[in-house]
Every structure is written in C-alpha cells, then in structure tokens.
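Observations on the three-dimensional arrangement
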Amino acid sequence: MNKHLRTLRIVVATVVFVVITCGFLNISGGNNLSQALLKTQFVPALVSVFTGSALAFIILMLLTILFGRVYCSFLCPLGIFQDIVYRISNIAKKRANGGKKHREKYRKPHNVLRYSILVLSGICFALLFTYPVALLDPYSNYGRIATHVFGTVETFINNMLSGVLPDYFYAEKYVSIGSVAFIYSLVFFFIVTVFSAARGRLYCNTICPVGSFLGLVGGISLFKPVLDKEKCVKCGLCAGSCKSNCINLETKEIDATRCVACYDCITSCKRGGVKLVPTWFKKRKPEEKYHRSIESVERRNALIAMGGFAAAAAAKHFGGSIGTGKEVSSDKGAIMPPGARDMETFMDSCTACHACVAACPNNIIKPAFFEYGLEGIMLPTLKYDKKYCSYNCNTCSQTCPHGALEHISLDVKRKTQIALAKYDPSTCVVITDGVKCGACSRSCPAGAIQMKENPAVPGQFLPSVDSTLCIGCGACEYSCPAMPKAIVVTGKTKQTVI
C-alpha cells in the first residue's frame with residue numbers, strides 16, 4: 001500500500017491542477033467540478049468560516065491532523081505547480097550532468113523567518129486586515145498567475161490561431177490587461193519558479209503562511225512517513241528525493257513540519273526503510289527519549305498554532321460584530337461585483353484570487369488599482385469601457401469560492417443595485433451636437449432611463465434616470481456615444497435589492 005501512495009498523489013494532484021487551471025482560463029466553462037475544487041483551498045475555506053460555511057475548513061483540518069500536509073501536495077495548485085517545475089528542473093540538471101541524477105540533501109529550516117511571517121499574517125487576519133494574507137495566499141497567487149500570465153499567453157495563442165483557422169478559433173477582440181495585477185503575477189511567477197527549480201518546496205516551507213500553519217498542525221498528525229532505524233543504512237536515496245530537504249540521515253528523522261506528504265521518499269527506498277505509519281500509539285523503547293522530546297515540541301507548537309488561530313478567529317468574529325471603524329468609500333468609483341453585499345465585508349473577505357475575473361464572460365471584471373484605496377489594490381471591480389454587466393448573467397457570484405460574493409440567483413441579481421447611473425447633460429450629444437439620441441434609454445434592461453422633453457427646449461428629449469429602478473449594470477454607459485460619457489455608473493458602498 002505504501003508504494004502506491006505516490007501514484008495516488010500524482011493522479012489526484014494532476015486532476016486538481018488541470019481542472020483548477022482550466023477553470024481560471026475559462027476552458028472548462030465554469031463547470032461544477034472546477035467550482036467545487038476552488039472551495040477546497042485553504043484560505044477561501046478559512047474565510048468561509050466567517051462568511052459562509054465552516055465545512056470545507058473542518059475537512060481540511062481533519063485531513064491535516066490525520067495525514068499531515070496532504071493539502072500542499074494533493075490540493076494546492078501552487079504547490080502542484082512547484083512540483084512540476086521541480087520535476088522539469090531535475091530532468092534538465094540530469095542532462096546537464098551527463099545523465100547523473102540530481103540528489104537533494106538535508107537543510108536546516110528557516111524557522112525564524114517562516115514563523116515570523118505566520119505570526120504577522122495571523123495578527124493582520126485578526127485585525128481584519130486580510131490584504132497581506134491575500135498577497136501570500138498560495139491559491140490566490142496561483143489564481144492571479146493563471147488568469148494574468150497563463151491567460152494572457154492563452155489569449156495570444158488563440159488569437160494567432162484564429163487568423164489561421166478562423167472556423168475553429170474565435171478571436172478575442174476586447175482584451176485588456178491590468179498592469180499592476182499582471183506585473184505582480186509575473187514577478188511572483190518568476191520568484192516561485194526560481195525557488196522551485198533551485199530548492200523544491202523552499203517557498204512553501206519558508207514564506208507561505210498556509211504551509212507554516214499546516215506544518216505545525218501536521219507535526220502531530222496520526223500518519224507520518226518515518227525511517228525504520230534498523231533497516232536504514234543511510235544510503236541517502238530518501239533524502240536525495242526529498243523536495244522539502246527535511247530528512248536528516250544523521251538522526252534518521254523526518255521533520256514533519258516541513259514534510260509535504262509527497263511520499264517520494266517511500267518509493268525511493270530500496271530496503272523498505274521508509275513507511276507511512278500511525279505514530280500516536282507507537283510504543284517507544286527506553287533509549288528513544290530524545291525522539292519523544294521532539295514529538296513533545298511538535299505537539300506544543302501545534303497546540304500554540306491552533307490556539308493562535310482560535311484567538312485570531314475570535315478576534316475577527318467579535319471585532320467584526322462591534323465594527324472596526326474603518327472608513328470605506330466608493331468615491332473613486334469602485335463597483336463591486338454582484339453579490340458583494342457591502343464594501344467593508346467584501347474587502348475583508350476577498351482574497352483577490354481573480355476567479356471572478358477569469359469567469360466573467362464579458363471580461364468587465366478587472367483588478368482594481370486605487371479604486372478601493374491602497375489596501376484594495378488588485379481586488380476585483382467592474383469597468384464598463386468595453387462591455388457591460390449582462391442582465392442575464394450571474395457567473396461571478398456563482399464562481400466565488402469563499403463567500404466574498406454571495407451566491408445569488410439570477411432573479412435576485414436582476415434586482416440587485418450594484419451601482420447607480422448619473423447623467424451629465426454638459427457632454428450629452430443631444431445638447432452638444434443638437435441630435436436625437438436615446439441610446440442609453442434603449443439599452444437599459446431595467447427600464448430605469450426614460451427620455452423626457454426638455455421644458456426649456458421644446459422637441460428636445462433628454463435622459464432621466466430613476467434611481468429606484470437603476471441596477472448599475474453599465475449598459476447605458478457602454479452605449480453612450482459621447483466622449484467623455486454623458487452617463488456614468490458609479491459604485492455604492494452597499495448593494496441593495498430593489
């Protein structure tokens with residue numbers, strides 16, 4: 001059974017990686033499997049404890065307590081991506097060394113750095129300042145990489161092929177790239193790729209707060225890969241295959257806090273000296289007091305980590321219930337995607353994974369710059385310069401994996417006022433050019449814009465916006481022929497159902 005664990009990991013990881021990546025590239029069409037897998041990601045599951053359901057988070061924690069950091073190797077798309085890069089790098093190193101296989105070695109952990117990052121992330125999370133967590137969240141970062149790096153390449157290839165095979169490929173004419181999100185994603189992609197190629201899971205075990213937290217909990221897991229001290233001859237095969245550099249042959253110990261449960265060590269050992277065994281009830285010999293002390297430290301650290309999480313969760317819960325006093329406004333025009341409810345909740349819950357950005361069929365959800373302020377950079381916002389929010393679409397709210405966008409029905413979405421249209425007669429072509437227009441009125445799906453006669457100029461009809469009917473879809477702004485636009489949609493701090 002132990003020999004098949006690595007194969008199982010590869011199969012599951014491959015399916016997860018392909019489905020999640022295709023979901024961000026919109027190849028899967030937003031199918032249910034892709035949406036379900038997005039909800040298994042750690043930070044979205046953690047955020048959902050406060051905005052939706054705790055089920056996904058409880059399952060992930062149970063898996064970690066039972067089997068260690070299986071999330072990192074089986075479910076985390078960024079972790080799986082690192083494994084792919086690491087594998088390709090090893091093949092390249094082998095060829096460069098004349099067929100000699102690259103061998104890893106044990107390296108001491110960077111505990112001060114990784115736990116400092118974890119503590120700072122926990123403090124920010126407790127204080128309702130989730131932006132640093134979103135910037136380091138492995139799932140959200142992979143989502144941004146898939147959307148802005150892989151997605152840009154995919155669009156470029158698709159548009160090239162559309163010129164050669166127009167019957168099979170449809171050119172995407174309205175493509176725009178958020179410069180800040182693209183640059184950040186590209187830099188992060190480069191850093192993680194270099195880390196993975198050079199040192200395997202260095203990022204996971206040094207910077208990633210999710211990996212550090214799960215490592216502490218995984219340190220007391222029921223099932224762990226362990227070295228059989230009688231069979232082990234210190235040949236180095238297991239340590240040479242360890243992408244986490246956590247197998248110490250001198251002590252014949254595996255650092256469970258850094259082990260990502262890839263099970264490469266189990267299959268590499270020719271003597272069956274590495275096995276996945278239950279450790280909670282294992283009887284120790286008198287001479288193994290040293291190892292008991294190591295496990296005591298692991299249990300203590302795990303309890304501290306879980307206690308710290310409980311404290312952070314309590315602070316976040318009660319802090320949210322009494323209000324933070326944070327001033328949030330939409331003065332700069334931020335329009336939240338449908339289902340966002342109010343801006344404070346949205347900014348506290350959204351991790352900027354850009355699942356909604358990738359899923360939007362009209363490509364109008366873009367990464368924000370300063371529309372939400374400094375702490376809202378890269379959060380999704382609606383922009384109507386190319387298209388508008390379709391009356392018969394609620395894809396973004398259904399795609400959100402962690403409750404930042406409420407999963408509203410299409411009927412509710414049609415009645416939700418996400419923004420409000422405002423008319424400026426000074427730039428309207430009816431006045432500036434003396435022509436008849438009414439494009440905004442004709443395009444409004446909610447019937448909120450009526451053309452009414454100007455009392456001062458008989459025969460001249462100007463738009464009139466009924467704010468009780470307007471849903472802020474942007475169809476009027478998109479259709480307005482004036483430059484600058486005579487009718488512009490501005491965001492609200494709270495979405496309401498009318």
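As the structure is a prediction and not an experimental result, all values here were calculated from the model.

Along the polypeptide, V357 turns up in helix α16 (residues 355-359). For V357, a relative accessible area of 8% translates into the label buried. Once residues lying within four places of it in the same chain are set aside, the contact partners of V357 are T147, H148, I365 and P380.

Within the fold, V11 resides in helix α1 (residues 5-24). V11 gets classed as partly exposed once you look at its relative accessible area, which sits at 49%. When the C-alpha positions of V11 and F74 are compared, they lie 8.9 Å apart, and in sequence the two are 63 residues distant.

This next bit is on a positive patch on the surface. Among the surface-exposed residues, K3, R87, K94, K100, K101, R103 and K270 lie close enough to one another that they form a single positively charged patch. Take K94: it is sitting in helix α6 (residues 77-96). Judged by its relative accessible area of 39%, K94 is partly exposed.

Let's shift gears to the packing of aromatic side chains. Here the structure, examined in full by the defined rule, presents 17 aromatic pairs. Summarising the aromatic geometry, the rings of F42 and F213 are spaced 5.9 Å apart at their centres and angled 50° between planes, so their arrangement reads as tilted. Within this pair, whereas F42 is found in helix α3 (residues 42-51), its partner F213 is found in helix α11 (residues 209-218), the two being separated by 171 residues in sequence. Across this residue pair, the class does not change: F42 and F213 are buried. Residues F369 and F370 carry aromatic rings whose centres are separated by 4.3 Å and whose planes lie at 50° to one another, so their mutual orientation is tilted. Under the relative-accessibility criterion, F369 is labelled partly exposed at 41%. Ring-pair connections join several aromatic residues into one group, and the members of that group are F17, F81, Y142, F150 and F189.

F42, Y71, L78 and I247 are the most contacted members of the largest nonpolar core, which totals 66 residues. With 7 residues, the single largest contributor to this core is α1. Excluding its chain neighbours within four sequence positions, the residues that come into contact with I247 are Y106, L227, C238, A239, C242, E253, I254 and C265. Core analysis: the next-biggest nonpolar cluster, separate from the first, contains 45 residues, C396, V430, C440 and C476 among them.

What follows deals with helix α9 (residues 138-164). Its 27 residues place the ends of α9 37 Å apart at the C-alpha level, agreeing with the 39 Å of an ideal helix rising 1.5 Å per residue. The largest bend in α9 is about 40°, located at G151. One side-chain oxygen of the residue at the start of α9 lies 3.2 Å from the amide nitrogen of Y139, identifying that residue as D137.

That bond from M483 to P484 is cis: its omega, 0°, falls within 30 degrees of zero. Secondary-structure assignment places P484 in the loop between α21 (475-479) and β10 (487-497). For K252, which is not a glycine, the phi torsion comes out positive at approximately 55°. Following the sequence through the fold, K252 ends up in the loop between β2 (247-248) and β3 (253-254). Look at R341: it is not a glycine, yet its phi comes out positive at around 65°. The residue R341 is located in the loop between α14 (289-322) and α15 (343-349) in this model. Classification of R341 by relative accessible area gives partly exposed; the value is 25%.

Here we come to the packing of α1 against α6. As a packed pair, α1 and α6 sit with axes 10 Å apart at the nearest point and diverge in direction by 115°. In terms of their interaxial angle, α1 and α6 are classed as roughly perpendicular. Crossing handedness for the pair α1 and α6: left-handed. In this structure, α1 contributes R9, A13, V16, F17 and I20 to the contact, and α6 contributes P77, I80, F81, D83 and I84. Here the residues of the contact of α1 with α6 are counted per class, giving 8 nonpolar, no polar and 2 charged.

Time to look at a nonpolar patch on the surface. Taken together, the side chains of L55, I59, L63, L66 and F67 define a hydrophobic patch exposed on the protein surface, amounting to about 400 Å² of accessible area. Along the chain, I59 falls in helix α4 (residues 55-67).

What follows concerns the pattern of salt bridges. Any two side chains of opposite charge can pair, on the condition that their charged atoms come close. Evaluated as defined, the whole model comprises 10 salt bridges. Here R9 and D264 are joined by a salt bridge, their closest N and O atoms 2.8 Å apart. Here R9 is found in helix α1, whereas its partner D264 is found in helix α13 (residues 264-268), with 255 residues between them in sequence. An identical accessibility class is assigned to R9 and D264; each is buried.

If you trace the backbone, K224 turns up in strand β1 (residues 223-227). On a C-alpha basis, the gap between K224 and L276 in space is 5.2 Å, while along the polypeptide they are 52 residues apart. Among the polar contacts made by the side chain of K224, one reaches the main-chain carbonyl oxygen of G219 at a distance of 2.5 Å.

The rules behind these values
- Residues numbered from 1 in each chain as written.
- Predicted model: local features only at pLDDT ≥ 70, side-chain atom pairs only at ≥ 80, totals over all residues.
- Heavy atoms only, no water.
- Helix = DSSP H or I, 4+ residues; strand = E, 2+ residues; numbered from the N terminus.
- Buried < 20%, exposed > 50% of the residue type's maximum accessible area, 1.4 Å probe, protein only.
- Contact = heavy atoms within 4.5 Å.
- Patch = residues over 30% accessible without salt bridge, like charges linked within 9 Å, V, L, I, M, F, W, Y side chains within 5 Å.
- Areas by Shrake-Rupley, 256 points an atom, 1.4 Å probe, with all protein chains shown as cover.
- Salt bridge = Lys/Arg side-chain N within 4 Å of Asp/Glu carboxyl O.
- Lys, Arg positive; Asp, Glu negative; His and termini not counted.
- Charge placed at Lys NZ, Arg CZ, Asp CG, Glu CD.
- Phe/Tyr/Trp six-rings, centres within 6.5 Å; stacked < 30°, edge-to-face > 60°.
- Core = buried A, V, L, I, M, F, W, Y, C linked by side-chain atoms within 4.5 Å.
- Expected span 1.5 Å × (residues − 1).
- Bend = angle between axes of the 7 residues up to and from the residue.
- Polar contact = N/O pair within 3.5 Å; in protein donor to acceptor, adjacent residues only side chain to side chain.
- Axes fitted to C-alpha atoms, helices over the stretch in contact; angles between N-to-C directions.
- Parallel < 35°, antiparallel > 145°, perpendicular 65-115°, else oblique.
- Left-handed = near helix turned anticlockwise from the far one by under 90°.
- Nonpolar A, V, L, I, M, F, W, Y, C, P; charged D, E, K, R; others polar.

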